[in-house]
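So the chains spell out like this:
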Amino acid sequence: MSAAGPEERLARAALTGLTEPGDERVGRWLRQMGPVALVRGLTGAGPPPAGARADRIAGCRARAATLDPGADLAAVERIGGRFLCPGDAEWPGQLDDLGDARPIGLWVRGSPSLRLWALRSVAVVGARACTDYGCYVAALLGSGLAERGWVVVSGAAYGVDGAAHRGALAVGGATVAVLASGVDVPYPRGHTELIDRITEQGLVLAELPPGGHPTRSRFVLRNRVIAALTRGTVVVEAEYRSGSLVTARRARQLGRQTMGVPGPVTSGLSAGVHELLREGACVVTDADEIAELVGGIGELAPERRGPVVPRDLLEPVALRALEAVPGRDGGDAAIVARNAGMGRERTLASLYELQALGFVERRGDLWRLADAASTSGTTKPPGRRPPVRRGGA
C-alpha cells in the first residue's frame, strides 16, 4: 500500500471527525469506496454508501458543518504532531489485523517512529481504582520492561495505566499513551503533567482529531488499538466488568499473548484477572516472564527454584543411606542397611562418607543424624542425646 496523497489524507482526517472509532460498517464502506468518495457520500455531496440510513447521513452532515480537517492537520503540526494514514512508512502494519475496525488514521505526538516502537511493545493495563499492590506491580513491570528494551503501552488512565507509564519513564524508558480523546486534550485532567512527559519522552496517539473529547464508548473502542498495536497484553488488577479485560480478550482474538498478574483471591479487583487466567491467559509475575512470552528465541526468564540445601548435593546412594538412618535414637549399620535396602558394606561406606560431610555421627555401634543436619536438610531442634553404647561397629 502506497502512502496517502494530500486529498486522501484530508479525507481520512475528515472521517476521524465524521465517524466514531472502530465502526466496522464505516471500515467496509471505506474499503469499497475509498476515503474521498466516502466523505462525499456521508455529507450529501455524492452518492451515499450502500445501506446507509437517512438519519445517519443527516448526523454526518451535521457534524461536517462544524469540522475543518485542514485546520485539524495544521493544528496538530503546530504542536509538533502528525496524522498517520495506512500506507505511510510510519504506519504500524499490525493494526491491519483489525480488519474493517482498523483506525481510519492516527493523530500522533512525539518524535519516535510509531511503527518501529510498536514492533517491540507490550500493553500493561488494569484497574483505575487499583490497590497499592496493583500500583506497585504495574510500576515494577513498566520499569522492568523498559530496562529490557520493551516499549510500554497503556491508556494514561488513573491507577494501573499511570503507574505503568511512570515506571517506564522513571528508568528513561519508552512508553506510548493511547488516548480516547484528541492528542491535544489530556485526559484525565489530573494526568496532564504525565501525558506531557510521555509526549516529550515517548509517543501519544489518538483516533479522534484535535479537540476531540472522550466518551464511555470511545474508551472501550480505544482498547482494540492497544491490543492490536502490541505483542501482548498484561492485566494487573481488574474487576469482572473492566475495560482492561476487553483489551486482553481482544488481544487473544488477534493472536497476541494474553497475560495476568494474580492477586489475593479475596480481592474483587483481582477477580477479573483470575477469570482471565482460567480462560487460558498466562500467569506472569515480573518483566522477565513477560519478555519470555512475547520476545524472541533466547529471551528466557531465569530459572526459579527454592534454596539448595546440603543434602541436595549428595550422590543418590549416599542420600539413600542418609534417609535410612532412624530419626530419634539412630541404629546400627545392619538396621540402616535394611532400611536402605542395600548391602552392609555399601551402607557402611556411605555412612562414613556422610560422617565426613557432617550429616551423621557414630556413637559406639550406633549411627545417628548429626545435630546440624536432618533428612530434610534443615537444622535439627536441640534434644537429648541417646546414651552412648560401647562396643564394635
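Structure: above.
Reading the values: rules and limits
- Position numbers for residues start from 1 in each chain and track the written sequence from start to end.
- Confidence filtering applies because this is a predicted model: local features only for residues at pLDDT of at least 70, side-chain atom pairs given and counted only at 80 or more, and all residues used for totals across whole chains, interfaces and linings.
- Calculation of side-chain values draws on the structure's entire complement of heavy atoms; hydrogens and water are dropped beforehand.
- For our purposes a nonpolar core is just a set of buried Ala, Val, Leu, Ile, Met, Phe, Trp, Tyr and Cys residues, chained together by side-chain atoms within 4.5 Å.
- For each residue, the accessible area found with a 1.4 Å probe, counting protein chains only, is set against the maximum for its type, and the residue is called buried under 20%, exposed over 50%, and partly exposed in between.
- Counting from the N terminus, the helices are DSSP H or I runs at least four residues long and the strands are E runs at least two residues long.
- We call two residues in contact whenever any of their non-hydrogen atoms come within 4.5 Å of each other.
- Note on ring pairs: Phe, Tyr and Trp rings are taken, using the six-membered ring of Trp, and paired if centres are within 6.5 Å. Classes follow the plane angle, with under 30 degrees stacked, over 60 edge-to-face and the rest tilted.
- Look at NZ for Lys and CZ for Arg. If either is within 6 Å of the ring centre and within 35 degrees of the ring normal, a charge sits over the ring.
- Given a helix with a known number of residues, its expected span is that number minus one, times 1.5 Å.

Turning to the nonpolar core, a few remarks are in order. Ranked by size, the top nonpolar core spans 34 residues in total, and within it Leu 114, Val 176, Leu 205 and Val 235 carry the most contacts. Looking at this core element by element, the count peaks at five residues for helix 10 (residues 216–229). Leu 114 has contacts with Leu 84, Glu 90, Pro 92, Leu 106, Val 108, Leu 203, Leu 205 and Leu 229, leaving out every residue within four places of it along the chain. Of all hydrophobic cores here, the second largest spans 22 residues; its members include Val 236, Ala 287, Ala 291 and Val 294.

This part is about the packing of aromatic side chains. The tally for this structure, following the rule as stated, stands at three aromatic pairs. Taken together, a centroid distance of 5.7 Å and an interplanar angle of 45° make the contact between Tyr 187 and Phe 219 tilted. One end of the pair, Tyr 187, is in the loop between strand 5 (175–179) and helix 9 (192–201); the other, Phe 219, is in helix 10, with 32 residues separating them in the sequence. When its relative accessible area of 38% is taken as the criterion, Tyr 187 is described as partly exposed. Over the aromatic face of Trp 150 sits the side chain of Arg 120, whose NZ or CZ is 4.0 Å from the ring centroid. The ring of Phe 219 has Arg 128 lying over it, and the distance from NZ or CZ to the ring centre is 5.3 Å.

This paragraph deals with helix 7 (residues 132–147). With 16 residues, helix 7 should cover 22 Å at 1.5 Å per step; its first-to-last C-alpha distance of 22 Å lies within 8% of that length. Buried within helix 7 are the following residues: Gly 134, Val 137, Ala 138, Leu 141, Gly 142, Ser 143, Gly 144, Leu 145 and Ala 146. Considering only its buried residues, helix 7 is in contact with strand 3 (121–126), strand 4 (151–154), helix 8 (160–170), strand 7 (232–236), strand 8 (257–261) and helix 13 (287–294). Directly beyond the C-terminal end of helix 7, a positive phi value near 85° is found at Gly 149.

In this fold, Gly 272 is placed in helix 12 (residues 268–278). A residue is classified by how much of its surface remains accessible, and Gly 272, at 0% relative accessible area, is buried. Here the alpha-carbon distance between Gly 272 and Ala 127, two residues 145 residues apart in the chain, equals 9.9 Å. Contact partners of Gly 272, with chain neighbours within four places excluded, come to Ala 238, Glu 239, Tyr 240 and Leu 245.

Worth remembering: the numbers are spatial, not functional.
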